[in-house]
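Residue-level listing of the chains:
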Amino acid sequence: GTLRAILAGGATKFRAHQHLRACPLLVAQPLPAWAAPHSPRPDGRLILVFLRGGMDGLFAFSPTADPRLETLRPTLAQTVLKQGIPLADTGFSAHPSAAALARLYDEKHLAFAPCCGTTDRSRSHFQAQDIFELGSGAIRGTTGLLARSADWLGKSRESISFTSNVPLIFQGARQQPGIAPLSGSGLELSQDRVLAAIRSMHRGQVSGEAIDKALSTGAEIEAALPSGMDPKAARGAPGIGGFPKVAEIMARVLKENPHMAVSFIDLGGFDTHANEENSLSRNLTALGDSLLALREGLGDKEWARTQVLVCTEFGRTARENGSQGTDHGHGGLALLLGGNINGGRMIGDFPGLADASLHEARDLPVQVDWRSLIGRAMRDTLGMDQASLQKILPGLPGLG
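Residues numbered from 1 in each chain as written. Predicted model: local features only at pLDDT ≥ 70, side-chain atom pairs only at ≥ 80, totals over all residues. Heavy atoms only, no water.

### As for the overall build of the chain
In plain terms, the rule: Labels follow the DSSP assignment, with helices taken as runs of H or I lasting at least four residues and strands as runs of E lasting at least two, numbered in each case from the N terminus. Relative accessibility under 20% of the residue-type maximum defines a buried residue, over 50% an exposed one, and the middle range a partly exposed one, all with a 1.4 Å probe and only protein chains included.
Tallying secondary structure elements over the chain gives 15 helices and 14 strands in all. Expressed as a percentage of its 400 residues, the buried residues of the chain come to 58%.

Structure (C-alpha cells):
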C-alpha cells in the first residue's frame, strides 16, 4: 500500500536579431538532437509534474523579441517587457515571478519547449488531459502511459504517484504504483499502529525525519493553498501554493528509495481566464521554488540521474481577453530539468506570433509532440529502446 511504497528499502533558436519566420505545423516532429548528446542512464529516474488547467506558457516565458507580443498582450506583457529576465540565445524572457526557473536555465539545469502539446484540438480540459495521460493520441484507452511504463519496469524498479488515488496515467497497470496522497500538498499518512511501528523503525534516519515533517506541517500547508481555483479543470489535484513546503520531503522519500524510478504528481490552479497576472505570478513563484527544493533535497548525485518533466494539457490564446486573462489554446510550454540534460536552451522551433504562424490564427502551434519529450526522457533515464517506447507511446515520432 501507500506506506510500503514510500518506505520500502529504507534546438532551433529564436534570436532577437533574426527575422521571425513562419513554420508549418509539425505535430509529429521528432525532438531535435541534443547539442551534446549523452549516454542513456538505465538506472536513472523520471519525475513527471502535470499542471492541470492549461498553464499560460507565453506568460511564464515570453518571446520579448517578437514585436507582436505587446500588441497581442497590451496588459499581460508589460511586466515581462520591462522587468523580464532574458533567456540567453532564445529571444525569450522569463517573467520576474519565474526567477527561479530562469536561474535553473542559466545553470543549464533547465531547457524549455515553447510549442509542446498533444494531438488534441478540442480545447477541452478533460479531453486534453485524457489524451496526455493515455499517451497514444486516442481519447479513450484501457491503460495510461505510465501504467505501461510500470509494467515494462517490472518489480525491480517501482513507480509512485503522489496523488490521492490512481490517476488515469497509471490506470490499467499490472504493476500497480505506490500511492502517496497529497493533502494540501502534504503527505497524507494515517495515524495508526502501523504508522507508529514504522516511525519507530525509521527513527533517527532521514526517512523518519521526512515522515515526521510531513505530518507536522500538513495544517500549515493546507492553509497556504490559494483560493478560487477551478476544481473541474484541476480534477481534484491540489493547488501548487503549498507544494514548496513539501517538495523537499518528496525528494527525501525518493532519495531514500532509489528503486522508485518513475514518479508522478499533478497540481491545479492554472486555468487563468481572468486576473492572470496575480494568480499565475504566485503559481510560477511556487513552481520555481518547488523545483529548486526538489533539486536540493535530492542532492547532486541523485539530481544527476534524474530528469523532471513539467507539462500541461494545452497552452492558452496568444491574445489576452477582456478580463486580463487568456482562454484555452493549443501548443504550450513544457520544461525539462535535471543535472545532466544539457540545459540552457530551447527545444524545438518557435514560429513567431504573426497570425499566419499561429494555430487557427489564435494559439501557438504544436512543434514538439509530447510523446517525443516523454519518450526521450524515458530512453535516457530508464534505458528503454525504441521498440519498447513504441508500445508505451504508440505513434511516437522517431527520436533521432
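We are not done yet, so read on.
### Notes on the confidence of the model for the chain
Note the cut-off: pLDDT gives the predictor's per-residue confidence on a scale running from 0 to 100. Note on definitions: a residue-residue contact is assigned when non-hydrogen atoms from the two residues lie within 4.5 Å.
Mean pLDDT over the chain: 82, with 76% of residues reaching 70 or higher. Here residues 1-39 is modelled with pLDDT under 50, and outside its nearest four sequence neighbours on either side it reaches 105 contacts, counting other chains as well. Across residues 214-230, confidence stays below pLDDT 50; counting only partners more than four residues off in sequence or on other chains, it has 30 contacts.

### Looking at helix α12 (residues 244-256)
Let me state the cut-off plainly: To estimate the expected span of a helix, count its residues, drop one, and scale the result by 1.5 Å.
In a regular helix each residue adds 1.5 Å, so 13 residues correspond to 18 Å; α12 covers 19 Å between its end C-alpha atoms and thus fits that length. Considered for burial, the residues of α12 that qualify are Val246, Ala247, Ile249, Met250, Ala251, Val253 and Leu254.

### With respect to the sheet that holds strand β2 (residues 61-62)
Defined as follows: Following DSSP output, two strands are said to pair if at least two bridges run between them. Orientation is described by axes fitted as lines to C-alpha atoms, over the contacting stretch for helices, and by angles from 0 to 180 degrees between their N-to-C directions.
Strand order in the open sheet formed by three strands is β2-β4-β3, and the pairing between neighbours is antiparallel. For this open sheet the edge positions go to β2 and β3 (85-87), each flanked by a neighbour on one side alone. Where helix α5 (residues 99-106) meets the sheet, its contacts fall on β2, β3 and β4 (92-94), and the angle it forms with β3 comes to roughly 35°.

### Examining the pattern of salt bridges
Inclusion rule: We define a salt bridge as a contact between a side-chain nitrogen of Lys or Arg and a carboxyl oxygen of Asp or Glu at a distance within 4 Å.
Counting across every chain of the model gives 16 salt bridges. Between Asp56 and Arg73 there is a salt bridge; the shortest N-O distance is 2.8 Å. Remark: Arg73 occurs in the loop between α3 (68-72) and α4 (78-83) and Asp56 occurs in the loop between β1 (45-51) and α2 (57-60); sequence separation between them is 17 residues. Each member of the pair, Asp56 together with Arg73, is buried. Where Asp363 meets Arg362, a salt bridge forms, and the shortest distance between an N and an O atom there is 2.9 Å. One network of salt bridges, with partners in common, ties together Arg123, Glu360, Arg362 and Asp363.

### A few points about the side chain of Arg148
Rules: A residue counts as positive if it is Lys or Arg and as negative if it is Asp or Glu; His and the chain ends are not included. Under this definition, polar contacts are N or O atom pairs within 3.5 Å; protein pairs additionally need one hydrogen-donor-capable and one acceptor-capable atom, and for neighbouring residues in sequence, both atoms have to be side-chain atoms.
Here Arg148 is to be found in helix α7 (residues 145-153). Here Arg148 occupies a buried position and makes no salt bridge, while the nearest side chain of opposite charge, Asp151, is found at 8.2 Å. Here Leu134 takes part through its backbone oxygen, which lies 2.6 Å from a polar atom of the side chain of Arg148.

### Re the packing of α12 against helix α13 (residues 276-304)
Formally: Oblique is the label for any angle not under 35 degrees, not over 145, and not in the 65 to 115 range, which are roughly parallel, roughly antiparallel and roughly perpendicular in turn. If you view the pair so one helix is near and one far, a crossing is left-handed when the near helix is turned anticlockwise from the far one by less than a right angle, and right-handed when it is turned clockwise. For this scheme, ten residues count as nonpolar: Ala, Val, Leu, Ile, Met, Phe, Trp, Tyr, Cys and Pro. Four count as charged, namely Asp, Glu, Lys and Arg, and the remainder, Gly too, count as polar.
At a closest axis distance of 8 Å, the pairing of α12 and α13 adopts a crossing angle of 25°. In this view, α12 runs roughly parallel relative to α13, as classed from their interaxial angle. α12 and α13 meet at a crossing whose hand is right-handed. In this structure, α12 contributes Pro244, Ala247, Glu248, Ala251, Leu254 and Lys255 to the contact, and α13 contributes Ala286, Asp289, Ser290, Ala293, Leu294, Gly297, Leu298 and Glu302. Residue composition of the contact of α12 with α13, by class: eight nonpolar, two polar and four charged.

### A closer look at the side chain of Arg52
On the secondary structure map, Arg52 appears in the loop between β1 and α2. There is a polar contact of 2.8 Å between the side chain of Arg52 and the side chain of Gln129. At 3.2 Å, the side chain of Arg52 and the side chain of Glu133 are in polar contact.

### Comments concerning the packing of aromatic side chains
What counts here: The rule is short: rings of Phe, Tyr and Trp, with Trp giving its six-membered ring, pair when the centres are within 6.5 Å, and they are stacked under 30 degrees, edge-to-face over 60, tilted in between.
Applying the stated criterion across every chain yields a total of five aromatic pairs. Look at Phe92 and Phe350: their rings are 4.9 Å apart centre to centre, the planes differ by 80°, and that puts the pair in the edge-to-face class. Taken together, the residues Phe92 in strand β4 and Phe350 in the loop between β13 (345-346) and β14 (368-369) connect sequence positions 258 residues apart. Taking the relative accessible area as the measure of exposure, Phe92 reaches 2% and is therefore buried. Taken together, a centroid distance of 6.0 Å and an interplanar angle of 55° make the contact between Tyr105 and Phe112 tilted. Overall, Tyr105 belongs to the buried group, its relative accessible area being 2%. In this structure Phe112 comes out as buried when scored by relative accessible area, which is 0%. An aromatic cluster of at least three residues, connected via ring pairs, comprises Phe61, Phe92, Tyr105, Phe112 and Phe350.

### Structural notes on the pairing of strand β6 (residues 158-161)
With four bridges joining them, β6 and strand β10 (residues 260-267) adopt parallel strand pairing. Within β10, the residue paired with Ser161 across the bridge is Phe264. By the bridge criterion, two bridges tie β6 to strand β7 (residues 178-179) in an arrangement that is parallel. The partner of Ile160 across the bridge, within β7, is Gly178.

### Notes on the nonpolar core
We count it as follows: As used in this record, nonpolar core signifies buried Ala, Val, Leu, Ile, Met, Phe, Trp, Tyr and Cys residues forming a set joined through side-chain atoms within 4.5 Å.
Grouped together as the largest cluster of nonpolar side chains are 61 residues, with contacts concentrated most on Phe61, Phe112 and Leu335. Ranked by the residues each element gives to this core, the list is headed by α13, at ten residues. Once you skip the residues sitting within four places of it in the chain, Phe61 turns out to touch Leu87, Phe92, Ser93, Ala94, Ala98, Leu101, Leu110, Phe112, Leu333 and Leu335. One finds Leu48, Phe132, Ile341 and Ala377 within the second-largest nonpolar core, a separate group that totals 35 residues.

### Structural notes on the packing of α7 against helix α14 (residues 370-382)
At a minimum axis distance of 13 Å, the contact between α7 and α14 shows a crossing angle of 20°. With respect to α14, the axis of α7 lies roughly parallel. The hand of the α7/α14 crossing is right-handed. Packed against α7, whose contacting residues are Leu145, Leu146, Ser149, Trp152 and Leu153, the element α14 presents Ile374, Met378 and Leu382 at the interface. Class assignment for the residues of the contact of α7 with α14 results in seven nonpolar, one polar and no charged.

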